[in-house]
Amino acid sequence: MKTLFISHGSPDEILHDTSHRRQWRELSRRFEAFDALVVMSAHNETTGTVVGANPAPHTIPDFGPSFPDTLFRKQYPASGDPALAARVANRLRDAGLAPQEDRRAGLDHGVWAPLSQILPEADLPIVTVSADPRRDAGHHLAVGRALAGMDERILLIGSGASTHNLQAVRWGERDAAPNPRAEIFARWLEERLAAGDEEALLDFGSAPQGAFNHPTPEHIMPLFFAMGAAGPGWRAHLLHRGFSLGALAMHVIAFDDPASR
């Protein structure tokens, strides 16, 4: 596993005993090989690319008041790593991507929610890289590719959603049957990843039910970050699939690059 894509689901996924939460917990053994994390979350949206260089990033409760109070009190006290952030920024700069560094950056729920289950001790430093919803999938692939091969002890993670049409979510029905239109896109995504079909994936909006499942693009962009960071010969490995609330596909996908071994 060189890189990882996590579908982080609803913020309150961590409060329920679901197969998705259990799978996140099972990932912890895979993280033992790494010394630090570089994470792009769909909820960290900026114009241009911003690298989080805060040595002590704060926990951001970035969701509406309908969620339980316990989520607003949640703290994930992972450290940052300004030196690593500078290395990340320099790699992006060398690729012509003109990043900025932000020493006030925090951790949104796309970062801390799944990581609170994978690494409950918050014992790996985290550097964040923002997504730019104004830019396309090819841009986010290039951001990841600029970081490919940076350091085998650093895990690069994209945290987003394989499907993300909130109008189709069945709130309060955690185990609702999958929306058929979401299932169609999820199957297409799995097939194209298994085939290594980067060209088709980059044009996800033209896929069957692509526009329905991503009416806005920000939640799928971290997938391309993780894909690019694995290297040009990436291979995808499906670690987990399933649905939450009927419309949120909960894929966890590992990427590696056999050609680099």
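Residues numbered from 1 in each chain as written. Predicted model: local features only at pLDDT ≥ 70, side-chain atom pairs only at ≥ 80, totals over all residues. Heavy atoms only, no water.

(A) Here's a closer look at the packing of helix H1 (residues 19–26) against helix H4 (residues 109–118). Direction vectors running N to C along H1 and H4 enclose 65°, while the axes themselves pass 6 Å from each other. One element, H1, and the other, H4, form an angle in the roughly perpendicular class. Note on element contacts: H4 touches H1 through Ala 113, Pro 114, Gln 117 and Ile 118, opposite Arg 21, Trp 24 and Arg 25. When grouped by side-chain class, the residues that make up the contact of H1 with H4 number four nonpolar, one polar and two charged. (Axes fitted to C-alpha atoms, helices over the stretch in contact; angles between N-to-C directions. Helix = DSSP H or I, 4+ residues; strand = E, 2+ residues; numbered from the N terminus. Parallel < 35°, antiparallel > 145°, perpendicular 65-115°, else oblique. Contact = heavy atoms within 4.5 Å. Nonpolar A, V, L, I, M, F, W, Y, C, P; charged D, E, K, R; others polar.)

(B) Structural view of the nonpolar core. Formed by 29 residues in total, the largest nonpolar core has its most connected members in Phe 31, Leu 37, Tyr 76 and Ile 126. Elements supplying a minimum of two residues to this core: strand E1 (3–7), strand E2 (36–45), H4, strand E6 (154–160) and strand E10 (252–256). Among all residues touching Tyr 76, those that are not within four sequence positions of it are Thr 59, Leu 107, Trp 112, Leu 115, Ser 116, Leu 119, Ala 122 and Ile 126. Ala 85, Leu 92, Leu 97 and Leu 147 belong to the second-largest nonpolar core, a separate cluster that totals 22 residues. (Core = buried A, V, L, I, M, F, W, Y, C linked by side-chain atoms within 4.5 Å. Buried < 20%, exposed > 50% of the residue type's maximum accessible area, 1.4 Å probe, protein only.)

(C) Structural detail: the packing of helix H3 (residues 82–94) against helix H5 (residues 137–147). Interaxial distance between H3 and H5 falls to 8 Å at its minimum, and their mutual angle equals 120°. As for the relative orientation of H3 and H5, their crossing is right-handed in sense. When H3 is examined against H5, the residues Val 88, Arg 91 and Leu 92 are found in contact with a partner set consisting of Val 143, Ala 146 and Leu 147. Along the lines of polarity and charge, the residues of the contact of H3 with H5 split into five nonpolar, no polar and one charged. (Left-handed = near helix turned anticlockwise from the far one by under 90°.)

(D) Seen up close, the environment of Phe 224. By the element assignment, Phe 224 lies in helix H9 (residues 221–229). Judged by its relative accessible area of 0%, Phe 224 falls in the buried class. Between the alpha carbons of Phe 224 and Ala 182 there is a distance of 19 Å; along the sequence they are 42 residues apart. With residues up to four places along the chain from it excluded, the contact list for Phe 224 reads Ala 137, His 140, Leu 141, Leu 201, Leu 202 and Phe 204.

(E) Spotlight on the pattern of salt bridges. Going through the model one piece at a time under the given rule, you end up with 15 salt bridges. Residue Arg 104 is joined to Asp 102 by a salt bridge in which the shortest nitrogen-to-oxygen separation is 3.8 Å. Overall, Arg 104 belongs to the exposed group, its relative accessible area being 71%. The partner of Arg 187 in a salt bridge is Glu 183, with the nearest N and O atoms 3.2 Å apart. Of this pair, Arg 187 and Glu 183 are both found in helix H6 (residues 180–195), four residues apart, which corresponds to roughly one turn of the helix. The exposure class of Arg 187 is partly exposed, given its relative accessible area of 41%. Members of the salt-bridge network, linked through shared partners, are Glu 183, Arg 187, Glu 190 and Arg 241. (Salt bridge = Lys/Arg side-chain N within 4 Å of Asp/Glu carboxyl O.)

(F) Structural detail: H6. Here H6 is 16 residues long and its end C-alpha atoms lie 23 Å apart, about the 22 Å a rise of 1.5 Å per residue gives. All of the buried residues in H6 are Ala 182, Glu 183, Phe 185, Ala 186, Trp 188, Leu 189, Glu 190 and Leu 193. Sitting at the amino-terminal end of H6 is Asn 179, which places a side-chain oxygen 2.8 Å from the backbone nitrogen of Arg 181. Once H6 ends, the next one or two residues include Gly 196, with phi positive near 65°. (Expected span 1.5 Å × (residues − 1). Polar contact = N/O pair within 3.5 Å; in protein donor to acceptor, adjacent residues only side chain to side chain.)

(G) Molecular detail of the side chain of Asn 165. Within the element layout of this structure, Asn 165 appears in the loop between E6 and H6. Side-chain polar atoms of Asn 165 contact the backbone oxygen of Phe 212, separated by 2.8 Å. Setting aside its immediate chain neighbours within four residues, Asn 165 contacts Phe 212, Asn 213, Pro 215 and Ala 247.

(H) Fine view of H9. The buried fraction of H9 amounts to nine of the nine residues, a majority that puts the element mostly inside the structure. Within H9 the residues assigned to the buried category are Met 221, Pro 222, Leu 223, Phe 224, Phe 225, Ala 226, Met 227, Gly 228 and Ala 229. The first or second residue beyond H9 is Gly 231, which carries a positive phi of 110°.

(I) How the structure looks around unusual backbone geometry. Positive phi values are uncommon outside glycine, yet Ala 98 reaches one of about 50°. Mapped onto the elements of the fold, Ala 98 is located in the loop between H3 and strand E4 (100–102).

(J) The pairing of E6, seen in detail. Of all seven residues making up E6, seven are buried, and the element is well covered by its neighbours. The two faces of E6 match: Ile 154, Leu 156, Gly 158 and Gly 160 on one face and Leu 155, Ile 157 and Ser 159 on the other face are all buried. Two strands pair when backbone bridges link them, and E1 and E6 are joined in this way by five bridges, in the parallel orientation. When the sheet's bridge partners are listed, Phe 5 is paired in E6 with Gly 158. With six bridges joining them, E2 and E6 adopt parallel strand pairing. Across the sheet, residue Val 38 finds its bridge partner in E6, namely Leu 156. (Pairing = 2+ DSSP bridges.)

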